[in-house]
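Here is what each chain is made of, one letter per residue.
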Amino acid sequence: MKPTPTDAAPVQAKFAAARVELAAALIERDIEVDLALTALVAGEHLLLVSPPGCAKSLLLDSLLAWTGGTKFSVLLTKFSVPEEVFGPVSLAGLKADRYVRVTAGKLPEADYAFLDEVFKASSAILNTLLRVLNERTFDAGDGVARAVPLKLCVAASNEWPCPETGRELAAVFDRFLVRKAVAPIRSAAGRSRLLWSRDHAPKLTASISPAEVDLARAAARAVPWSVEAKEAFEAVLKELAREGVRPGDRRQFKTVGVVRAYAWLSGDEVVMPEHLEAAAHTLWDDPAEQPGVAARVIGRVANPVGMRVTQLLVEVEELVAATDTRDLAAAAKAAAKLGEVQRQLASLKGGGRLEAARAHVREQLRRLRLASIEAV
Ligand SMILES: Nc1ncnc2c1ncn2[C@@H]1O[C@H](COP(=O)(O)OP(=O)(O)OP(=O)(O)O)[C@@H](O)[C@H]1O
Ligand SMILES: [Mg+2]
């Protein structure tokens, strides 16, 4: 039976609460939080890449602490052996001339997996991983590919795989539909929070069971695409192709589900063009330049509020960092620019992030004025 929106309403409320709690604890990680929850709802694997110490583990561990079910977590190195990920070969089996793995406590039995430094893995691991991630099956050695319970695999890495490093690596990279580079903290206010708050770990008030995740998935699958959103998506693909970005057919098709999941997570009953914001993290292949092209094209064609908010906040941060408040003329110019940003934010319609952005700009303006008064 198709779940009605009301069936899933309490689950949707739980997702909304987790979204707020995660984003409140993690500094400047709103987009990553949204993507992690979207990936969970869409059932598509997520990869985060950044220099060390950008809170990838903190976010992904927190996400998996929130979900119930069986978890498997591993830090991969080039010395990791398949046994660590898929389980040791059964000795009893060997005695009976059978080669089978004992998978208890390992990836083939997990509902959720966190693969840290995934691209460090050897080809023996990567090859088997491909099947588990894509077909969601595992052959323990007896030639039978059995379904695995895996609902979501999240992964982290300090670098993108380089294209020349081999077929397995490229293939595993492609199995992560949602991929994002995580940047170090940008704003001065964020840095001061990082330095002076003792504990950054999110406090999540509830947890989510595998059955609730299934309910969320069914509800998200039932969210229809509006005609405008469909047109915008097709226009985005066309425009991307013109700019040389041609994500494969599987990637394009799966993006439809990711955008639906994002709309559901945002509490909307129909997919609107602004939900295409999520597709900026799925519709590219080469991490060198294409993510920027995807974001720009989606920003232009679908005009999502979230992207404009992010862009305006970056502008504000650059402006604040570059302004010497003792120089009254410069401070006045900066205040005028902040006023303009404030007007732009006021004209946008949207939820929590927009409100937080408005408050942030108000606060920056207040500080700027205060500093200028003190300088006189
Ligand atoms: N944006 C942030 N918000 C909150 N805490 C942060 C943030 N960035 C870093 N930290 C702090 O730094 C710690 C280190 O982050 P974490 O270990 O999650 O980074 P990582 O990206 O997984 O690094 P690595 O690539 O080395 O595994 C966090 O536990 C947290 O205390
Ligand atoms: Mg880490």
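Everything numeric in this text was worked out from a predicted model, so none of it was measured.

1. A closer look at the packing of helix 9 (residues 210–221) against helix 11 (residues 249–265)
When two helices pack together, their arrangement is given by the angle between the helix axes and by the axis-to-axis distance.
Then step 1. Interhelical geometry of helix 9 versus helix 11 gives an angle of 105 degrees and a closest axis separation of 8 Å. Viewed along their axes, helix 9 and helix 11 adopt a mutual orientation that is roughly perpendicular. Contacts from A216, A219, A220 and R221 of helix 9 reach helix 11 at R260, A261 and W264.
Then step 2. Partitioning the contact of helix 9 with helix 11 into residue classes produces five nonpolar, no polar and two charged.

2. Some points on the domain arrangement of the chain
Then step 1. Domain annotation of the chain identifies domain 1 (5–196), domain 2 (223–303) and domain 3 (307–375).
Then step 2. Each of domain 1 and domain 2 has a C-alpha centre, and the two are 23 Å apart.
Then step 3. On the side of domain 2, 17 residues touch domain 1, which itself brings 23 residues to the contact.
Then step 4. For domain 1, the biggest contributors to the area lost against domain 2 are Q12, L177 and R179; these three give 30% of the whole.
Then step 5. Our count for the domain 1 to domain 2 interface comes out at three salt bridges.
Then step 6. The salt bridge involving R250 is made with D174; its shortest N-O contact spans 2.8 Å.
Then step 7. Inspection of the domain 1/domain 2 interface yields eight residue pairs in polar contact (both at pLDDT 80 or more).

3. A few points about helix 14 (residues 328–347)
Then step 1. Its 20 residues place the ends of helix 14 29 Å apart at the C-alpha level, agreeing with the 28 Å of an ideal helix rising 1.5 Å per residue.
Then step 2. Regarding helix 14, the residues found buried are A331, A334, A335, L338, G339, V341 and L345. One face of helix 14 carries all of its buried residues, which in axial projection span an arc of 165 degrees. In helix 14, those exposed residues whose orientation departs by more than 90 degrees from the buried face are A329, K333, R343 and S347.

4. Observations regarding the site of ligand 1
Then step 1. Inspection of the region around ligand 1 gives 14 residues, with I27, G53, K56, N158 and H200 positioned closest.
Then step 2. A distance of 2.8 Å is found between a nitrogen atom of ligand 1 and a backbone nitrogen or oxygen belonging to I27.
Then step 3. A distance of 2.7 Å separates an oxygen atom of ligand 1 from a polar side-chain atom of H200.
Then step 4. Here ligand 1 has 640 Å² of accessible area as a free molecule, and 74% of this is covered by the chains.
Then step 5. The dominant element in the shell around ligand 1, judged by the number of residues it contributes, is helix 3 (residues 56–66), at three residues.

5. As for the pattern of salt bridges
Then step 1. As enumerated under the stated definition, the model contains 24 salt bridges in all.
Then step 2. Across the pair D174 and R251 runs a salt bridge, and its minimum N-O distance is 3.1 Å. Linking D174 in helix 7 (residues 167–175) with R251 in helix 11, this pair joins segments that are 77 residues apart in sequence.
Then step 3. Look at D174 and you get partly exposed, because its relative accessible area is 25%.
Then step 4. Linking E340 and R343 is a salt bridge whose minimum nitrogen-to-oxygen distance equals 3.4 Å. Of this pair, E340 and R343 both sit in helix 14, separated by three residues, roughly a single helical turn.
Then step 5. A single salt-bridge network, built from bridges that share partners, covers D174, R175, R250, R251 and D285.

6. Notes on the layout of surface pockets
Then step 1. By volume, the second largest pocket is sized at about 300 Å³.
Then step 2. Around the second largest pocket, the lining comprises 15 residues; the ones closest to its centre are A42, E44, R221, G257 and V258.
Then step 3. The set of elements that each furnish at least two residues to the lining of the second largest pocket consists of helix 2 (30–42), helix 9 and helix 11.
Then step 4. The biggest single contributor to the lining of the second largest pocket is helix 11, with seven residues.
Then step 5. Classifying every residue of the lining of the second largest pocket gives seven nonpolar, two polar and six charged.
Then step 6. Counting contributing residues, the lining of the second largest pocket receives three or more from each of domain 1 (5–196) and domain 2 (223–303).

Criteria and cut-off values
Residues numbered from 1 in each chain as written. Chains lettered and ligands numbered in written order. Predicted model: local features only at pLDDT ≥ 70, side-chain atom pairs only at ≥ 80, totals over all residues. Heavy atoms only, no water. Axes fitted to C-alpha atoms, helices over the stretch in contact; angles between N-to-C directions. Helix = DSSP H or I, 4+ residues; strand = E, 2+ residues; numbered from the N terminus. Parallel < 35°, antiparallel > 145°, perpendicular 65-115°, else oblique. Contact = heavy atoms within 4.5 Å. Nonpolar A, V, L, I, M, F, W, Y, C, P; charged D, E, K, R; others polar. Domains from an automatic or database assignment. Buried area = accessible area lost by both parts, 1.4 Å probe. Salt bridge = Lys/Arg side-chain N within 4 Å of Asp/Glu carboxyl O. Polar contact = N/O pair within 3.5 Å; in protein donor to acceptor, adjacent residues only side chain to side chain. Expected span 1.5 Å × (residues − 1). Buried < 20%, exposed > 50% of the residue type's maximum accessible area, 1.4 Å probe, protein only. Arc of directions from axis to C-beta. Near = heavy atom within 4 Å. Areas by Shrake-Rupley, 256 points an atom, 1.4 Å probe, with all protein chains shown as cover. 1 Å grid on protein atoms, 1.4 Å probe; cavity = no way out; pocket = protein on both sides within 12 Å on 5 of 7 lines; lining within 4 Å. Points joined across faces, edges and corners; volume = space filled by probe spheres on them.

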